[in-house]
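Inside the fold
The lines below spell out each chain.
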Amino acid sequence: MKHLLATSAAAALLAAPLALPVIANAEPASQITTPAELLKASTGDLVDLRIGDVHPTQPSVGFDEVYYKVGRYTMGKDALNKGLGDWCEANGQGDVAAQSVGATIGDPSSFTCTIPLNSETPESLAAMKTVVIGPGGVAYLTDGHHTLTSFAETPGAGLGTALRLRVVANLSDETETDFWETMKAKGWTWLKDVAGNPITPQQLPASVGLKNFQDDPNRSLLYFARDIGYTAGTIPFQEFLWGDWLRERSNIDLSVWDPTSADSTLAIVKTISEAQVAAGQKAIISGTFTGAELGTLKKWNDGKAVDKGEFAKLSKPFSDDKPGKIAYAMAYKATLPVLTAPEAPAAPTLTVSGTSVEVSWQAPADGGSPITGYSVQLSGDDQPARAPLTVAAGTTSTTVSDLIPGTYTATVTATNAIGSSVASASSAAVTVVQPTQPTQPANPGDVHGKLSITGELRQGGTVKIAGSGFAPNVSGFALELHPNAARFALARLFDAAPPQPAGVVRLATINTDDTGAFDETVTIPETAGAEDQRLVLLWDGAEVAGNPVTVLAAETEPSVSPSPSTSSSPSTSSSPSSSPSPSTSSSPSTSSSPSSSPSPSTSSTPVDPSADPSSTAAPSETAAPSGSSTPSGTSAPSGTADASASATPATSPLAQTGSSDVLAGTALALTLLVLGAGAMIRRRSARS
């Protein structure tokens, strides 16, 4: 068969009639139009699919409506089979025109339609069933669930039956979430169960067919009320909207209805249709829809007497030459196996996880009617007793959380459209125990561990710090950088202008795991001192671990060297842009930096051999102006410059280097000084 998509309502759609084997209630067959072709479909295109491959957009159908259709297809008194006519109409070809002996829906070559292929009319195309193309090229049925399900349930047809469907939108480029949001906004899906409770798209059936749907009796009653209390229109899911209205009617007692009796069904349909007309056209029926929008008739039975019009047709018994819809439905139902409530599920299984219990079970036999849900009752020491849990159809497990310690059992009940099963046997008992708490020391500050560092500590950089051996499962340790107190104490003893230590720097709040370990990546603030410090872990101010560390200065851009054209001659000279003031003199060996001239109040004194060596520079040294250097590249001693000079103050070697060898030397000097002082005291004591 040739696969194609029509690009307009009048385009040629199929090259030849289908010739398929007779398949009754077959499992879904492979698609005729491929998903790749569906992805390219446009609004108005027709696609040729097997009905078992189309995905429903509603969770239920009215079984009695399907029974009427299948009953008329298989037990009908029509001159030409009604099922063949419905297939022609759904395929865009009007009605059945002729049929051979034994013709079936599953074999289109066994009958002909009133409108040949390639001659479809706008009216015949409008009567076709519709789909929306979703993500992945999946076709979602938006109209025709009862018709396609009737084909699926008819002998000689089944889920393998091929049918053309009209595309109303292609949303395949949307995400799954956006797709369903669009479907809801457009009214192209019905996400309520038979009780009117909301469901998710994931709870929709995967295919048409009675075994996949829930039975909605209200939907069937409203179908029978067509053209008696209201007329069918173009609003999607019109009967479901009326079903919402019917559930809210306290003046309509559905409990008196016997769904196995034609007379009882006819009576309740009359009551419902009269209430529809009485509601009026201006009344809000469901959501924002008024009676007029949902097709409410101005007069019951369109103004005709009870023995006339559509109600009279509906009342015809099966013995009549033209039985009514209710008669066909009852006659066909009488041939079906008796439907019952589900069998009792087997005893469920309970699995404990902490203070939660998972209850799982196997789906029981459904009694011929699909299971619509489960009720799970957990019993035991949880007081007060928990109410039964409702679990959706298709789900066979649920979890109960936050149980108190004790012993528990569970039972499960299954429900379908006929009723509920008896409760299952009780599960084996399980015990929920009090969770054990990790043991902790009385004071986490009493447990000392170790720190390790991966990487270098540099201002503005990050470093990985790990620890182990601490109190487990404790939150609130403080990871900090502390100044090196010993180093600065020595600096204060020996330096005229000792450096000031940086303050304490908080790096992170640490939580240990159940082994007493942690692993943390921290950032060293740029304000942290670039100096020797101590990395410590504290609990409530008490140190539980500490390592000596050196914080490095932040990396900077290298300085730019002066260009050759800005250097000074050997003799005293000044930069053209900055000449010394008349009161400033330079020694013959001193040059001024091109970018920095001496301050007017600063002078360089010639070397005086008779000068005190402690206050003058060596013969090879001269004082340099602020910001300049001597020819030998060394700085002049601080004593040779005027007190008001802008030269940088001198810094002690200890503060400049901060190196371990200087600290060691200083410590040795202190030790010798103390020992020497002690010896002198002892000698004086001896003399006295």
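Computed from a prediction, not measured in an experiment: that's the story for all the values here. Throughout, residues of each chain are indexed from 1 in the direction in which the sequence is written. With pLDDT at 70 or above as the cut-off, local features in this predicted model cover only qualifying residues; side-chain atom pairs require 80 or more to be listed or tallied, and sums for whole chains, interfaces and linings still use all residues. The side-chain quantities take in all heavy atoms of the structure and omit both hydrogens and water.

What to know about the overall build of the protein chain
Note the threshold: Helical segments are the DSSP runs of H or I of at least four residues, strand segments are the runs of E of at least two, and each set is numbered from the N terminus. Categorising residues by exposure relies on relative accessible area from a 1.4 Å probe, with only protein chains included: less than 20% of the type maximum marks a residue as buried, more than 50% marks it as exposed, and the intermediate range marks it as partly exposed. For this analysis, residues touch if any pair of their heavy atoms sits within 4.5 Å.
Secondary structure summary: the protein chain contains 14 helices and 24 strands in total. Per-residue burial over the protein chain gives 42% buried out of 688 residues. Long-range pairs, those at least 24 residues apart, make up 66% of the contacts in the protein chain between residues at least 6 apart in sequence.

Looking at the packing of helix H8 (residues 238-247) against helix H9 (residues 262-279)
As a reminder, the rule being used: Fitting a line to C-alpha atoms yields each axis, with helices limited to the stretch in contact; the angle taken between N-to-C directions then spans 0 to 180 degrees. For classification, angles of less than 35 degrees are called roughly parallel, those exceeding 145 degrees roughly antiparallel, those between 65 and 115 degrees roughly perpendicular, and all remaining angles oblique.
Two elements in contact, H8 and H9, have axes whose closest approach is 12 Å; the angle formed by their N-to-C orientations is 95°. When the axis of H8 is compared with that of H9, the two are roughly perpendicular. Two secondary-structure elements touch here, H8 through Trp242, Trp245 and Leu246 and H9 through Ile272, Ala275 and Gln276.

Regarding the state of the cysteines
Note the threshold: Disulfide assignment relies on a single distance test, namely cysteine sulfur atoms paired within 2.5 Å.
One pass over the full model with this rule turns up one disulfide. Put simply, Cys88 and Cys113 are joined by a disulfide, and their sulfur atoms are 2.0 Å apart. Measuring the twist about the S-S bond at about -75°, one finds the Cys88-Cys113 disulfide to be left-handed. Of this pair, Cys88 sits in helix H3 (residues 82-90) while Cys113 sits in strand E4 (residues 111-113), placing them 25 residues apart in sequence. Residue classification places Cys113 among the buried positions, given a relative accessible area of 14%.

So, the packing of aromatic side chains
Which entries qualify depends on this criterion: Classification of ring pairs rests on two measures: the distance between centres of Phe, Tyr or Trp rings, Trp counted by its six-membered ring, which must be within 6.5 Å, and the angle between planes, read as stacked under 30 degrees, edge-to-face over 60 and tilted in between. Think of it as a cone above the ring: NZ of Lys or CZ of Arg counts as a charge over the ring if it is within 6 Å of the ring centre and within 35 degrees of the ring normal.
This structure, assessed with the given rule, holds 21 aromatic pairs. Ring centres of Trp361 and Tyr374 lie 5.3 Å apart, and the angle between their planes is 65°; on these two criteria the pair is classed as edge-to-face. Taken as a pair, Trp361 in the loop between strand E12 (356-360) and strand E13 (371-380) and Tyr374 in strand E13 lie far apart in primary sequence, 13 residues in all. Assessed through its relative accessible area of 5%, Tyr374 is described here as buried. Grouping aromatic residues by their ring pairs yields a cluster made of Tyr68, Tyr223, Phe224, Phe318 and Tyr328. Lying across the ring of Phe318, Lys77 places its NZ or CZ 4.9 Å from the centre. Sitting over the ring of Phe240, Arg219 keeps its end group 5.6 Å from the ring centre.

Digging into the environment of Leu350
Residue placement: Leu350 occurs in strand E11 (residues 349-353). In this structure, the C-alpha to C-alpha distance between Leu350 and Thr398, residues 48 residues apart in sequence, is 10.0 Å.

Considering the sheet that holds strand E22 (residues 518-523)
To be explicit about the condition: In short, DSSP must find at least two bridges between two strands for them to pair.
Taken in spatial order, the three strands of this open sheet run E18-E19-E22, and their pairing is antiparallel. If you trace the sheet from one side to the other, it starts and ends with strand E18 (450-454) and E22, each paired once. Between one strand axis and the next, the sheet turns by 25° as a mean value, whatever way the strands run. As paired elements, E18 and strand E19 (residues 462-468) share five bridges and run antiparallel to each other. Residue pairing in the sheet places Lys450 in a bridge with Ser468 of E19.

What about the nonpolar core?
Worth spelling out the cut-off: We define a nonpolar core as any set of buried Ala, Val, Leu, Ile, Met, Phe, Trp, Tyr and Cys residues linked to one another through side-chain atoms lying within 4.5 Å.
Counting residues in hydrophobic clusters, the biggest one holds 71 residues, and the most contacted among them are Trp87, Val131, Phe151, Leu163, Trp245 and Ile272. When residues no more than four places from it in sequence are discounted, the contact partners of Val131 are Val47, Val54, Ala139, Tyr140, Leu141, Thr142, Leu165, Arg166, Val167, Val168 and Ala169. Leu451, Leu457, Phe518 and Leu535 belong to the second-largest nonpolar core, a separate cluster that totals 25 residues.

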